[in-house]
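Coordinate analysis (summary)
Here is how the chains run, residue by residue.
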Amino acid sequence: MVRALELLPSIDFPQSGALVPELARLDKLLTDEQKQFWEDVAKSKDQRRAGLPKEYMETTQGVLETLDKLSNILAATVNHQDAVIDQLLSIRQSAGLLRNTIPGPRNVTAGTLSKFLPFSGQMRFTRLPGAGASACIPLVVRSS
C-alpha cells in the first residue's frame, strides 16, 4: 500500500481527490492499530483496549472496499486503450469471479481428499499454508 500511495497521486482518474486521501487515512489507521496490538500483547488481558479487534476488522474492511473501488475505477479508466491491458483485465475479472463463486480450498478438501488420500495425506495437505486445489496434485501419490 505504501507504493500505491506513492503512485496514485500522480495518476489522473475519477474520484482520485476522495479515494487517495481515504486510502492514506485508512493505511495510517491500520498501521496505528497494528502498533497498538503489539503493545497490547505485552499487557495482561484486562489492560488491553477491548474494542481494538472490532476496530481493526472495520478498518481492514474499509481498506478492502477502498482498494476495490480504486481497482474498478482504474480498470475502467484504462479500458479499451490497449488490447493487452484489456486482456489482462479480463483475466483478472474472471479470476475474481471464480474466486468468489467456488468454495474455499479447505472446504473442498474435507469432502474431496478423503476419497483419494489416507488421513495422513489429508493432514499433510491441510497443513500447507494457503494450499489450493492445485497444491494437492504433487501430494497425491498412489501406492500399489
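Placed above this text is the structure.
These notes cover the structure that comes with them.

The secondary structure content of the protein amounts to six helices and zero strands. For the protein, the N- to C-terminal ordering of α and β elements is α-α-α-α-α-α. When the 144 residues of the protein are sorted by exposure, 22% land in the buried category. Of the contacts formed within the protein by residues at least 6 apart in sequence, a portion of 43% connects residues at least 24 apart. Accessible surface, the protein: about 10700 Å² in total, of which carbon and sulfur atoms supply 61%.

The next subject is a nonpolar patch on the surface. A surface patch of nonpolar side chains, about 410 Å² in accessible area, is lined by Val 78, Val 84, Ile 85, Leu 88 and Ile 91. Looking at which element gives the most residues to the nonpolar patch, the answer is helix α4 (residues 83–101), with four residues. As for its placement among the helices and strands, Leu 88 is situated in helix α4.

On to the side chain of Asp 27, then. Positionally, Asp 27 belongs in helix α2 (residues 16–41). Buried within the structure, Asp 27 lacks any salt-bridge partner; its nearest side chain of opposite charge belongs to Lys 28, at an N-O separation of 9.4 Å. Among all residues touching Asp 27, those that are not within four sequence positions of it are Met 1 and Leu 5.

Next up on the list: the packing of aromatic side chains. Inspection of every chain in the model, using the stated rule, returns one aromatic pair. Ring centres of Phe 37 and Trp 38 lie 4.9 Å apart, and the angle between their planes is 75°; on these two criteria the pair is classed as edge-to-face.

Two numbers describe how helix α3 (residues 52–78) lies on α4: the axes approach to 10 Å, and their chain directions differ by 150°. Considering their axes alone, α3 and α4 lie roughly antiparallel with respect to each other. α3 and α4 meet at a crossing whose hand is left-handed. Facing α3, whose interface residues are Ser 71, Asn 72, Ala 75 and Val 78, α4 presents Ile 85, Asp 86, Leu 89 and Arg 92. For the contact of α3 with α4, the class distribution of residues is four nonpolar, two polar and two charged.

Here is what the cut-offs are and how they apply
- Residues numbered from 1 in each chain as written.
- Predicted model: local features only at pLDDT ≥ 70, side-chain atom pairs only at ≥ 80, totals over all residues.
- Heavy atoms only, no water.
- Helix = DSSP H or I, 4+ residues; strand = E, 2+ residues; numbered from the N terminus.
- Buried < 20%, exposed > 50% of the residue type's maximum accessible area, 1.4 Å probe, protein only.
- Contact = heavy atoms within 4.5 Å.
- Areas by Shrake-Rupley, 256 points an atom, 1.4 Å probe, with all protein chains shown as cover.
- Patch = residues over 30% accessible without salt bridge, like charges linked within 9 Å, V, L, I, M, F, W, Y side chains within 5 Å.
- Salt bridge = Lys/Arg side-chain N within 4 Å of Asp/Glu carboxyl O.
- Lys, Arg positive; Asp, Glu negative; His and termini not counted.
- Phe/Tyr/Trp six-rings, centres within 6.5 Å; stacked < 30°, edge-to-face > 60°.
- Axes fitted to C-alpha atoms, helices over the stretch in contact; angles between N-to-C directions.
- Parallel < 35°, antiparallel > 145°, perpendicular 65-115°, else oblique.
- Left-handed = near helix turned anticlockwise from the far one by under 90°.
- Nonpolar A, V, L, I, M, F, W, Y, C, P; charged D, E, K, R; others polar.

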